[in-house]
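Take a look at the letters that make up each chain.
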Amino acid sequence: MPKFPECWESCGSCRTEEVYVQSVLIRAGEDIGFDETAIVLETGKVALDIPSLYAGQVVEVHVDEGDLIDEGQLIATIDAG
């Protein structure tokens with residue numbers, strides 16, 4: 001999970017509650033491209049697309065829809081080889 005947007009520290013108005021996984025768009029065995037959306041987060045007021053930082057094959061997905069998520073948490077294992 002990448003760092004939360006900087007605006008959450010200064011304003012935080014779009015993050016009113018806990019952040020959870022709204023949608024998981026990847027599955028083990030599928031290919032994913034760099035910057036392709038892997039999951040969508042719900043912050044209480046906005047949905048936030050989280051892109052993959054790597055291109056490759058998804059080995060394992062570590063989050064499910066409805067899970068609470070925090071900065072730095074592992075979303076998926078990707079074989080970029």
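I will try to describe carefully the structure that is included in this document. None of these values were measured; they are calculated from a predicted model.

### Remarks on the sheet that holds strand 5 (residues 56–61)
Taken together, the three strands give an open sheet; going across it, the order is 2-5-6, and neighbouring strands pair in antiparallel fashion. In the strand order of this sheet, the two ends are held by strand 2 (31–32) and strand 6 (76–79), each with one partner. Direction of pairing for strand 2 relative to strand 5: antiparallel, over a ladder of two bridges. The partner of Asp-31 across the bridge, within strand 5, is Gln-57.

### Overview of unusual backbone geometry
Note: most residues except glycine have negative phi, and most peptide bonds are trans. Positive phi is not limited to glycine here, since Asp-35 has a value of about 75°. As for its placement among the helices and strands, Asp-35 is situated in the loop between strand 2 and strand 3 (37–44).

### A look at the environment of Leu-41
Structurally, the position occupied by Leu-41 is in strand 3. Residue Leu-41 is classed as buried on the basis of its relative accessible area of 0%. For the pair formed by Leu-41 and Val-19, sequence separation is 22 residues and the distance between their alpha carbons is 6.7 Å.

### Details of the environment of Asp-67
Within the secondary structure, Asp-67 is located in the loop between strand 5 and strand 6. Under the relative-accessibility criterion, Asp-67 is labelled partly exposed at 27%. Separated by 47 residues in sequence, Asp-67 and Tyr-20 place their C-alpha atoms 5.4 Å apart. When near neighbours in sequence (up to four residues on either side) are disregarded, Asp-67 contacts Val-19, Tyr-20 and Val-21. A polar side-chain atom of Asp-67 sits 2.8 Å from the main-chain amide nitrogen of Asp-64.

### Focus on the nonpolar core
Soluble globular proteins tend to bury their nonpolar side chains together. Among the nonpolar cores identified, the biggest contains 14 residues, and Val-21, Ile-26, Ile-39, Leu-41, Val-63, Ile-69 and Ile-75 are the most heavily contacted of them. Secondary-structure elements contributing two or more residues to this core are strand 1 (15–24) and strand 3.

### A short note on the environment of Ile-26
Relative to the helices and strands, Ile-26 is located in the loop between strand 1 and strand 2. Under the relative-accessibility criterion, Ile-26 is labelled buried at 3%. In contact with Ile-26, not counting residues within four places along its chain, are Ile-32, Thr-37, Ala-38, Val-58, Val-61 and Ala-76.

Reading guide: rules and limits
Residues numbered from 1 in each chain as written. Predicted model: local features only at pLDDT ≥ 70, side-chain atom pairs only at ≥ 80, totals over all residues. Heavy atoms only, no water. Pairing = 2+ DSSP bridges. Helix = DSSP H or I, 4+ residues; strand = E, 2+ residues; numbered from the N terminus. Buried < 20%, exposed > 50% of the residue type's maximum accessible area, 1.4 Å probe, protein only. Contact = heavy atoms within 4.5 Å. Polar contact = N/O pair within 3.5 Å; in protein donor to acceptor, adjacent residues only side chain to side chain. Core = buried A, V, L, I, M, F, W, Y, C linked by side-chain atoms within 4.5 Å.

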